[in-house]
Protein chains: 2
Amino acid sequence: MIPTATLGRLVTYLRVVAELETEGVLTTSSEAIAGRAHATAFQVRKDLAYCGRLGTRGSGYQVAPLARELRRALGLTRVWHVAIMGVGRLGQALADYPNFDRYDFALRAAYDADPAKVGSTVGPLVVEGLDDLAASVARHALDMAFLTVPAAAAQGAADALVAAGIRGILNFAPTVIEVPAHIRVESVDFLAGLTRLTYYVGNPPAEHDAPS
Amino acid sequence: MIPTATLGRLVTYLRVVAELETEGVLTTSSEAIAGRAHATAFQVRKDLAYCGRLGTRGSGYQVAPLARELRRALGLTRVWHVAIMGVGRLGQALADYPNFDRYDFALRAAYDADPAKVGSTVGPLVVEGLDDLAASVARHALDMAFLTVPAAAAQGAADALVAAGIRGILNFAPTVIEVPAHIRVESVDFLAGLTRLTYYVGNPPAEHDAPS
């Protein structure tokens, strides 16, 4: 398994390399990737070692094969089907998000417990209710769901998703949810991001700590 | 400096301990915190060592002093003033977020470049334009901003915030932004979270890897 911290950096490198590809760049270097990813060239080379043998000392990386290997290492070799559970403002913002397909994610369904929202349109989707969630999850061949319900509703909604056959949850609700061991949860916790920020803003690095 | 990975876990422990406090629990244990935080008791004890001497072997932790020490370690000893830059759906969702004050964050201002949005109300705030951003940042005594503009507008908006005196940016735009060395940026990148999820869903742990 790739360590979690490395995984996070590989995702960033893929974004950088995808940008380079879009810009028509054919070859790149660990220095160039590091510059855009706010990392060091040493770190980039070390992390990319998880993607197999890539690049030649002195001649850098071919952009297209590097993008391919990063996608392979990250499991982005097929289209993953994603649903939105909870069509509040955050769920709506996610439905409007333009870049899913660039990363081989397909937004396939949106659910809400509120009957008033069922049948309404959000982004490219028609909101469905929760009455026959398992059948809907199977019909859309869903792999994963964004959990964008209020914190108090998060555990119940997660339980419903798991019972319906979802295998991964990206939890936006500000609470820890419990799931069976075979289900994976990742959290998008902006209060945590904000708290990291207060820590760093309150503890600016000394001159000799500054990254080179 | 506390390592970034530890910092993220301390934020989770603070959330757990704050929940315990709300529930009226007076004492707790590394095992109880670990259970709610999805960590191991060993990890919890090791991480909490960054918060100074807390707890006694065999008798656990007093909840209130632990919450206080966690807040102190994370720099949450005063109210931080936060602004929203970009009042699209995501910005609006953040303005409606109920829990800021529990973590000593005060949402003080919202900005948008669109004149049609200026003067409208979002959550508790009236949207301001960018014409005199520095004066507004000073008036609201802003420390940090949520950057919730489209990716193409992110660098320009970040430059404007930095020029106006903001010291930290929580970047929700799916792009890397460049800032001077004394400014801190943390990213809330849900595509990264989604990609971590595909990796883990695509590589389920073997039985002998399962956490105990």
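Given the structure is predicted, the values throughout are model-derived calculations rather than measurements.

Counting its secondary structure elements, chain A contains 8 helices and 9 strands. In terms of its C-alpha atoms, chain A occupies a principal-axis envelope of roughly 60 × 40 × 30 Å. Residues counted as buried form 49% of the 212 residues belonging to chain A. Across chain A, the fraction of contacts at a sequence separation of at least 24, relative to all contacts at a separation of at least 6, is 57%. Surface summary for chain A: the accessible area is close to 9900 Å², and the carbon and sulfur share equals 54%. The distance from the centre of the 19 positive side-chain charges to the centre of the 21 negative ones in chain A is 8 Å.

With the rule as written, the count across this model stands at 24 salt bridges over all chains. One salt bridge in this structure joins Glu186 of chain A and Arg184 of chain A, with 3.2 Å as the shortest N-O distance. By relative accessible area, which is 8% here, Glu186 of chain A ends up buried. Residue Arg184 of chain A is classed as partly exposed on the basis of its relative accessible area of 31%. Among the salt bridges present, the one from Arg167 of chain B reaches Asp143 of chain B, with a minimum N-O distance of 3.3 Å. Taken together, the positions of Arg167 of chain B in the loop between α7 (151-163) and β8 (168-171) and Asp143 of chain B in the loop between α6 (133-139) and β7 (144-147) put the pair 24 residues apart, joining distant regions of the chain.

All right, on to the domain arrangement of chain A then. We note that the domain assignment places domain 1 (4-73) and domain 2 (80-192) within chain A. Relative placement of domain 1 of chain A and domain 2 of chain A: their C-alpha centres are 31 Å apart.

Our focus in this paragraph is the side chain of His81 of chain A. Residue and element names in this part refer to chain A. Locating His81 in the fold gives a position in strand β3 (residues 80-85). Accessibility expressed as a relative area gives 15% for His81, which makes it buried. A distance of 3.2 Å separates the side chain of His81 from the backbone oxygen of Ala141, its partner in a polar contact. The residues contacting His81, other than those within four sequence positions of it, are Ala106, Arg108, His140, Ala141, Leu142, Asp143 and Met144.

Conventions adopted
- Residues numbered from 1 in each chain as written.
- Chains lettered and ligands numbered in written order.
- Predicted model: local features only at pLDDT ≥ 70, side-chain atom pairs only at ≥ 80, totals over all residues.
- Heavy atoms only, no water.
- Helix = DSSP H or I, 4+ residues; strand = E, 2+ residues; numbered from the N terminus.
- Buried < 20%, exposed > 50% of the residue type's maximum accessible area, 1.4 Å probe, protein only.
- Contact = heavy atoms within 4.5 Å.
- Areas by Shrake-Rupley, 256 points an atom, 1.4 Å probe, with all protein chains shown as cover.
- Lys, Arg positive; Asp, Glu negative; His and termini not counted.
- Charge placed at Lys NZ, Arg CZ, Asp CG, Glu CD.
- Salt bridge = Lys/Arg side-chain N within 4 Å of Asp/Glu carboxyl O.
- Domains from an automatic or database assignment.
- Polar contact = N/O pair within 3.5 Å; in protein donor to acceptor, adjacent residues only side chain to side chain.

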